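# Geometric and topological summary
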Amino acid sequence: MHWADVLADELIKKGKKHVLATGITPSGPIHIGNMREVLTTDAVYRSLVEKGAKAEFIYIADDFDHLRKVYPYLPKSYEKYVGIPICDIPCPCGNHKSYADHYLEPFLNSLKKIGINPRVYRASEMYKNGKYSDAIQTALENTNNIRKIIETISKRELPKHWIPFNVRCEKCGRITSTKPVLYEFPNVEYKCDCGHEGSVDIREGGAGKLPWRIDWPARWKMLGVTFEPFGKDLGTVGGARQTGEKIVKDIYGYSPPNYAVYEFILLKGKGAMHSSKGTALSSEEMLNMTPPEVLRFLIMKNQPNKHIVFDPGFGLLSLVDEYDQNERVYFGEEEKTRGMKDLDKTYELSQPYEIPEKIPYQVPYRHLVTIVQIGKNWSGMKKILLRTGQIPKDLSDSDENHLKQRADHVKYWLECFAPDTARFEVKKNMPDMQLSNNQKKVLLSLVERLGTIHWEPKDIHNAIYDSSEMEKIPIKTTFKTIYQVILGQEKGPRAGYFLSNLDKSFVLNRFKEAVK
RNA sequence: GGGCCUGUAGCUCAGCUAGGUAGAGCAUCUGGCUUUUAACCAGGUGGCCAAGGGUUCGAAUCCCUUCAGGCCCGCCA
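Scoring rules and cut-offs
- Residues numbered from 1 in each chain as written.
- Chains lettered and ligands numbered in written order.
- Predicted model: local features only at pLDDT ≥ 70, side-chain atom pairs only at ≥ 80, totals over all residues.
- Heavy atoms only, no water.
- Helix = DSSP H or I, 4+ residues; strand = E, 2+ residues; numbered from the N terminus.
- Rg over C-alpha atoms; globule rule 2.2 N^0.38 Å.
- Buried < 20%, exposed > 50% of the residue type's maximum accessible area, 1.4 Å probe, protein only.
- Contact = heavy atoms within 4.5 Å.
- Areas by Shrake-Rupley, 256 points an atom, 1.4 Å probe, with all protein chains shown as cover.
- Pairing = 2+ DSSP bridges.
- Axes fitted to C-alpha atoms, helices over the stretch in contact; angles between N-to-C directions.
- Expected span 1.5 Å × (residues − 1).

### Brief notes about the overall build of chain A
In terms of regular secondary structure, chain A is built from 20 helices and 13 strands. Against the compact-globule benchmark of 24 Å for 516 residues, chain A has a radius of gyration of 30 Å, which places it well outside the compact range. For the C-alpha atoms alone, the extent of chain A along its principal axes is close to 100 × 50 × 40 Å. Counting the 516 residues in chain A, one finds 52% classified as buried. Across chain A, every contact between residues at least 6 apart in sequence was considered, and the portion connecting residues at least 24 apart equals 69%. Carbon together with sulfur atoms contributes 48% to the accessible area of chain A, which is approximately 24,900 Å² in total.

What follows is the structure, encoded as structure tokens:
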């Protein structure tokens, strides 16, 4: 059984109505690892709906959380905003409403692309319009109990005058620098490091924020959350999940949601991703180089608790190939091999939107990598594909769109992530290089022979072999020579097809120039 | 110290969330496509499933122990 079905079945045992939540703080570029949380939730959501349960998928952007430090990707001037909720900090690029929106917006766009449309809640709004008021009051009434829970489970000692509420300083706007002096419902008197002393009414929207360990359980109850996955860092003993379970039960009288702990996505050769260390791959970038269905596939085929090593180099091509193979099996065009566990479900969950009725037209992804570089734009590519018979003349619009999209992904990948050996470029001018006598000999022979043949892949291919044999030069050397004078490198795409896509006189002139 | 993951063919890994003859890709070897360019087809070689114990008619799969590696444990998914 697919893991999403297992999780959905567990939920259905408890009831027929469910609220599935995810939450990510948009304090920096939201990377592909964060995406795993959303996709995991989406998989369970879809399984629930399929099984006839009522389910709602919500996404909580904790934009009332404060800026923790000046991350490396921020200007130094942001020092003054540390401690202020990110919804109240100006946008780094100036084009968004706030700091939070700057990172949230592209992420929500990415979600759309991979077929996820959760109901979005913003913590800042919930705080500011008083939704949290009851939860805050309950927390404050239970200060000692909460303190005991946190101290016992997480084995931390809390400050003497700690209360489960961080007042937002009315003067400097920070929620980290205030210290409570006195709480007497409904007011908290506080002192801020900025020198301000004041008093806030907790029923007033936006007066302050519950600390994370209380905010989370409070939100479970408030929104009726029954499922929420979280990263392995939060699943640790004494962590926020554990204190949250106890707090939500004892203080808020609500039973903790089901969950899945998901492992990290590691970048091949780089390890775990950290936005703050610049080793993260943002979701936008990821979606620019990976077709959305393939990105989903990566998450869906792996159980959440298994770490994933993502290789943005050649590994990506293999991943797409694997997806395509699964697709062929799903549509019965190929035999299932043994390792394809839960193939049908995995394939269905990989679709951003509708499941195709029939198999989309496939062109091997690796081949697209070559075609993209020869054909440049889509019409050029289409011409090549038509001529070589790799697509039929009556290709449907949806198939064409699909291929076009893939070509765009390939292009982005080539520009930003592809290893050098995947790239080639037809040099406009003769590359600067020295050819051996043998190389010159074979080129001369080729000029002659190619001049007389039809400019067809097969004929070109044969001509290359004939010349090579004639001049008693290893075929390897001949290919190498061709690539060197045309591409300036020693390897390249299959020569016959490749040359046939270039202008005949261009090729002949280049060869002539090379032997001078 | 605690938690999670991993250990299966030379390499990368699937199979463990249904216990029932050990799998794929790559590499290698043989043959073919009248001739390899990270090409295709057919076939072959290759594994005490980390080690030990337990449950079972039957274990890579479930349970326990050990060993080795990775990650997490203020904030970070």
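### Describing the sheet that holds strand β5 (residues 178-184)
Taken in spatial order, the three strands of this open sheet run β5-β6-β7, and their pairing is antiparallel. Strand pairing shows two members of the sheet lacking a second neighbour, β5 and β7 (197-201), which therefore form its edges. On average, adjacent strands in this sheet sit at an angle of 25° to one another, irrespective of strand direction. The pairing of β5 with strand β6 (residues 187-192) spans six bridges and is classified as antiparallel. Note that in β6 the partner of Tyr183 across the bridge is Val188.

### Overview of the sheet that holds strand β2 (residues 54-61)
Judged by pairing direction, the sheet is parallel, and its three strands sit side by side in the order β1-β2-β3 without closing on themselves. In this open sheet, the two edge strands, each paired with only one partner strand, are β1 (17-24) and β3 (119-122). Neighbour to neighbour, the strand axes of the sheet diverge by 30° on average, direction disregarded. Against the sheet, helix α2 (residues 32-50) touches β1 and β2, its axis set at about 170° to β1. Those strands touched by helix α3 (residues 99-113) are β1, β2 and β3, and its axis lies near 145° from that of β2.

### Looking at unusual backbone geometry
A cis geometry characterises the amide bond from Phe185 onward to Pro186, with omega recorded as 0°. Here Pro186 shows up in the loop between β5 and β6.

### Let's talk about helix α6 (residues 143-154)
Relative to the 16 Å expected for 12 residues at 1.5 Å per residue, α6 spans 16 Å between its end C-alpha atoms, a close match to the ideal helical length. Check the buried side of α6 and you find it contacts α5 (133-141), α7 (212-223) and α8 (240-250). Lys155, located one to two residues past α6, shows a positive phi value of around 55°.

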